[in-house]
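Close look at the chain arrangement
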Number of protein chains: 2
Amino acid sequence: MTEHSLWRFSRALHRAINERQFDELEALIDDDVQWAIYGPIDMFPFFGARHGRAAVLEVCRRIADNVRVHRSERESIMLGVDSAASMMRYSLTALDSNKPISLRLAQFAQFKGGRLVSLRVIVDTFDLVEQTLGRPIHLPKIA
Amino acid sequence: MTEHSLWRFSRALHRAINERQFDELEALIDDDVQWAIYGPIDMFPFFGARHGRAAVLEVCRRIADNVRVHRSERESIMLGVDSAASMMRYSLTALDSNKPISLRLAQFAQFKGGRLVSLRVIVDTFDLVEQTLGRPIHLPKIA
């Protein structure tokens, strides 16, 4: 039984972010990849949609410029033959401020021939924004 | 081939929210269900963690008090025997303000004997907060 593409991709992504080793990651991304991390791109320019390997590698470099991953915990996972969905909790450091950030996200990935062809990520963005600002945003109670 | 528990649950949930028919939903929720919608509970008291059928039904009533679902679109889905993960886009109306809200979320569900035993939902919360406020929140650019 061969290893699921998700594990290889996840290792390569973490290595790219923490060690700035992008070769392995590059080999695991399809030419025509579709990529999206939904969130406020004004604050986080490495969020948003990207198309194609070069654009995705560029955005991974931007992420590597901004955060280091300390720990990741898988809260839910579903694996298909060429697909995966997982809910993750990451402990990060924001490199500019040296601030610890705890992030919850869901990712849906599709692979073809072992290479990533689609990744979509939903982040609990309000929590992320507040942690990044370092202060709560006052919200009215609506219900 | 029997219908996946997710479809029955989703229909019952939508009916509960839009028509306030909770009987069918109640029958599809396990006594001991674990439930969490991650997000700012100060603004949205129906977010957060709940345990047990009564607490989950109560929170579904609160959701029904606050929104109507117009349309839902499945962007990704993975189904296991007793589990499901999906990325959804909802078009809602906030009932107090009559404001349209477009919401992207990821849900991870587990079933046992056709009943929901676990549901965890990640929402693109910053986008939701801005839409609910009806104005953008100014954010600094961090990268």
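The structure this text deals with has already been given above.
Focus: the relation of the copies chain A and chain B
- The transform that puts chain A on chain B rotates by 180° and translates by 0.0 Å along the axis, for an RMSD of 0.0 Å. Expressed as a symmetry operation, the mapping of one chain copy onto the other fits a two-fold axis. Nearest to the rotation axis, the C-alpha of Phe-126 of chain A is located 2.1 Å from it, this being the minimum over chain A.

Considering the environment of Gln-34 of chain A
- In this fold, Gln-34 of chain A is placed in strand S1 (residues 29-38).
- The contact partners of Gln-34 of chain A, leaving out residues within four places of it in the chain, are Arg-50, His-51, Val-117, Ser-118 and Leu-119 of chain A.

A word on the pattern of salt bridges
- For the structure on display, the rule yields twelve salt bridges over all chains.
- For the salt bridge of Glu-3 of chain A with Arg-11 of chain A, the shortest nitrogen-to-oxygen distance reads 2.8 Å.
- Residue Glu-3 of chain A is classed as partly exposed on the basis of its relative accessible area of 37%.
- Of the charged contacts, one joins Asp-65 of chain B and Arg-20 of chain B as a salt bridge, the two residues approaching to 2.9 Å between their closest N and O atoms. Remark: Arg-20 of chain B occurs in the loop between helix H1 (5-19) and helix H2 (23-27) and Asp-65 of chain B occurs in helix H3 (residues 53-66); sequence separation between them is 45 residues.
- What makes Asp-65 of chain B partly exposed here is its relative accessible area of 42%.
- Residue Arg-20 of chain B is classed as partly exposed on the basis of its relative accessible area of 41%.
- Residues participating in the shared-partner salt-bridge network are Arg-15, Glu-19 and Glu-24 of chain A.

Points about the interface of chain A and chain B
- Taken together, the contact between chain A and chain B spans 42 residues of the former and 42 residues of the latter.
- Roughly 3400 Å² of surface becomes buried between chain A and chain B when both sides are summed, with 73% attributable to carbon and sulfur atoms.
- The three residues of chain A that bury the most area against chain B are Met-78, Phe-108 and Ile-142 of chain A, which together make up 20% of that side's buried surface.
- Counting across the interface, chain A meets chain B through zero salt bridges.

A short note on the sheet that holds strand S3 (residues 67-79) of chain B
All names here are of chain B.
- Pairing is mixed across the open sheet formed by six strands, whose spatial order is S2-S1-S6-S5-S4-S3. The open sheet has two free edges, formed respectively by strand S2 (48-51) and S3, since each of these has just one partner strand. Geometrically, the sheet is characterised by an average inter-axis angle of 20° between neighbouring strands, direction not taken into account.
- Two elements, strand S1 (residues 29-38) and strand S6 (residues 115-123), share six bridges in a ladder whose sense is parallel. In the strand pairing of S6, Ile-29 is matched with Leu-116.
- Against the sheet, H3 touches S1, S2, S3, strand S4 (83-94) and S6, its axis set at about 50° to S1.

Structural notes on the sheet that holds strand S4 (residues 83-94) of chain A
Residue and element names in this part refer to chain A.
- Pairing within the open sheet is mixed, and its six strands lie in the order S2-S1-S6-S5-S4-S3. Pairing within the sheet leaves two strands with one partner each, and these edge strands are strand S2 (48-51) and strand S3 (67-79). For this sheet the average axis-to-axis angle between neighbouring strands, irrespective of direction, equals 20°.
- Alignment of S1 against S2, held across four bridges, turns out to be antiparallel.

Rules behind the numbers
- Residues numbered from 1 in each chain as written.
- Chains lettered and ligands numbered in written order.
- Predicted model: local features only at pLDDT ≥ 70, side-chain atom pairs only at ≥ 80, totals over all residues.
- Heavy atoms only, no water.
- Least-squares fit on C-alpha atoms with pLDDT ≥ 70 in both.
- Helix = DSSP H or I, 4+ residues; strand = E, 2+ residues; numbered from the N terminus.
- Contact = heavy atoms within 4.5 Å.
- Salt bridge = Lys/Arg side-chain N within 4 Å of Asp/Glu carboxyl O.
- Buried < 20%, exposed > 50% of the residue type's maximum accessible area, 1.4 Å probe, protein only.
- Buried area = accessible area lost by both parts, 1.4 Å probe.
- Pairing = 2+ DSSP bridges.
- Axes fitted to C-alpha atoms, helices over the stretch in contact; angles between N-to-C directions.

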